[in-house]
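As a plain string of letters, each chain reads:
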Amino acid sequence: GENVEQHPSTLSVQEGDSAVIKCTYSDSASNYFPWYKQELGKRPQLIIDIRSNVGEKKDQRIAVTLNKTAKHFSLHITETQPEDSAVYFCAASAYQGAQKLVFGQGTRLTINP
Amino acid sequence: SQTIHQWPATLVQPVGSPLSLECTVEGTSNPNLYWYRQAAGRGLQLLFYSVGIGQISSEVPQNLSASRPQDRQFILSSKKLLLSDSGFYLCAWSVRLDYNEQFFGPGTRLTVL
């Protein structure tokens, strides 16, 4: 089955700097890669996703890149702000009648003012 | 618009007691439904998913079971809780198409003592 590894587990950056979180996956059949943000005690919320037929996607300060050959994808947050502090999860799935997401272990991002 | 409800929000149960967690979705028909568990400080693990009434797929062997008695209702149960069942239980829904976002409910925090 699919296995997703996420690094780093914790990340601390100065406000205004960029943050990068990386994930690798094992199943070449995976074709959908979402990123979720989870604040303490709250539900995960999708911030960006990418399909396997796209190499990069950007939404304002957030971007995701995908390298299918190397089986890794990354989240990039630019001009970080205090409200970006949260736990971020990557996930991967191959649709089989349902979107069976396999999540990484999470990255706790702290933005220092 | 679509909304997803879970109850109860928090639950403290003794070891060996039964469990029933409920999830309902409003504003959509024929959704795919999912149950995840999140252990403290960890990622999300898919427990069950359902593509229709009475159709349940289990992802990991465990002490839990799931049922879908109605199109927009998903129930997570146990006959006898274990200490290891403690965690944050999240229900999610998605449309029955590939590349689609999963929307998470507010979650149930279960503590087994």
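That block above? That's the structure.
Residues numbered from 1 in each chain as written. Chains lettered and ligands numbered in written order. Predicted model: local features only at pLDDT ≥ 70, side-chain atom pairs only at ≥ 80, totals over all residues. Heavy atoms only, no water.

(A) Summary view of the interface of chain A and chain B. Chain A puts 21 residues into the contact, and the matching count from chain B is 25 residues. Taking both sides of the interface into account, the surface hidden between chain A and chain B amounts to around 2,000 Å²; carbon and sulfur atoms contribute 53%. Summed over the shared surface of chain A and chain B, the result is 1 salt bridge. Counting the contacts that link chain A with chain B gives 8 residue pairs in polar contact (both at pLDDT 80 or more). Listing elements by their share of the side of chain A that touches chain B, those giving two or more residues are β4 (32-38) and β5 (45-51) of chain A. Take the side of chain A that touches chain B: its biggest share by element is 3 residues, from β4 of chain A. Of the residues assigned to the side of chain A that touches chain B, the class counts are 9 nonpolar, 8 polar and 4 charged. (Contact = heavy atoms within 4.5 Å. Buried area = accessible area lost by both parts, 1.4 Å probe. Salt bridge = Lys/Arg side-chain N within 4 Å of Asp/Glu carboxyl O. Polar contact = N/O pair within 3.5 Å; in protein donor to acceptor, adjacent residues only side chain to side chain. Helix = DSSP H or I, 4+ residues; strand = E, 2+ residues; numbered from the N terminus. Nonpolar A, V, L, I, M, F, W, Y, C, P; charged D, E, K, R; others polar.)

(B) Examining the side chain of Gln13 of chain B more closely. Of note, Gln13 of chain B is situated in strand β2 (residues 10-13). Polar side-chain contacts of Gln13 of chain B include one of 3.4 Å to the side chain of Ser17 of chain B.

(C) Representation of the state of the cysteines in the model. Residues and elements named next belong to chain A. Taken as a whole and judged by the stated rule, the model has 2 disulfides over all chains. Disulfide partner of Cys23: Cys90, at an S-S distance of 1.9 Å. Residues Cys23 and Cys90 are joined through a disulfide that is left-handed, its torsion about the S-S bond being -100°. On the criterion of sequence distance, the pair formed by Cys23 in strand β3 (residues 19-25) and Cys90 in strand β9 (residues 86-92) is long-range, its members being 67 residues apart. Note on accessibility: Cys23 and Cys90 belong to one class, buried. (Disulfide = S-S within 2.5 Å. Buried < 20%, exposed > 50% of the residue type's maximum accessible area, 1.4 Å probe, protein only.)

(D) Region of interest: the nonpolar core. In terms of nonpolar packing, the biggest core is built from 24 residues, with Trp35, Phe73, Leu75, Tyr88 and Leu109 of chain A touching the most fellow members. Going through the elements one at a time, β2 (10-14), β3, β4, β5, β7 (62-67), β8 (72-77), β9 and β11 (107-112) of chain A are the ones with two or more residues in this core. With residues near it in sequence (within four places) discarded, Tyr88 of chain A still touches Gln6, Ile21, Tyr36, Lys37, Ile47, Leu75, Ile77, Gly106, Thr107 and Leu109 of chain A. Ranked by size, the runner-up nonpolar core spans 21 residues in total, among them Leu47, Val60, Phe74 and Cys91 of chain B. (Core = buried A, V, L, I, M, F, W, Y, C linked by side-chain atoms within 4.5 Å.)

(E) A look at the environment of His72 of chain A. Residue and element names in this part refer to chain A. Along the chain, His72 turns up in strand β8. According to the relative accessible area criterion, His72 is partly exposed, its value standing at 32%. In the structure, His72 is positioned 33 residues away from Gln105 in sequence and 15 Å away in space, judged by C-alpha atoms.

(F) Layout of the environment of Phe104 of chain B. By secondary structure assignment, the location of Phe104 of chain B is in strand β10 (residues 103-104). Phe104 of chain B gets classed as buried once you look at its relative accessible area, which sits at 3%. Measuring from C-alpha to C-alpha, the distance between Phe104 of chain B and Thr3 of chain B comes to 9.3 Å, with 101 residues separating the pair along the chain. Excluding its chain neighbours within four sequence positions, the residues that come into contact with Phe104 of chain B are Tyr36, Arg43, Pro44 and Phe103 of chain A together with Ile4, Tyr36, Leu44, Leu90, Cys91 and Ala92 of chain B.

(G) Broad picture of the packing of aromatic side chains. Scanning the model with the defined rule gives 13 aromatic pairs over all chains in all. Relative to Phe104 of chain B, the ring of Tyr36 of chain A lies with its centre 5.3 Å away and its plane at 90°, an arrangement referred to as edge-to-face. Here the residue Tyr36 of chain A occupies a position in strand β4, and Phe104 of chain B occupies one in strand β10, the pair thus bridging two chains. Each member of the pair Tyr36 of chain A and Phe104 of chain B is classed as buried. Feature note: the residues Tyr36, Phe89 and Phe103 of chain A together with Tyr34, Tyr36 and Phe104 of chain B constitute an aromatic cluster, connected by ring pairs. (Phe/Tyr/Trp six-rings, centres within 6.5 Å; stacked < 30°, edge-to-face > 60°.)

(H) Seen up close, unusual backbone geometry. With omega at -5°, the peptide bond leading from His7 of chain A into Pro8 of chain A counts as cis. Mapped onto the elements of the fold, Pro8 of chain A is located in the loop between β1 (4-7) and β2. The peptide bond linking Trp7 of chain B to Pro8 of chain B adopts the cis configuration, its omega dihedral lying at 0°. Here the phi dihedral of Lys71 of chain A falls at roughly 55°; this positive angle occurs in a residue that is not glycine. Within the fold, Lys71 of chain A resides in the loop between β7 and β8.

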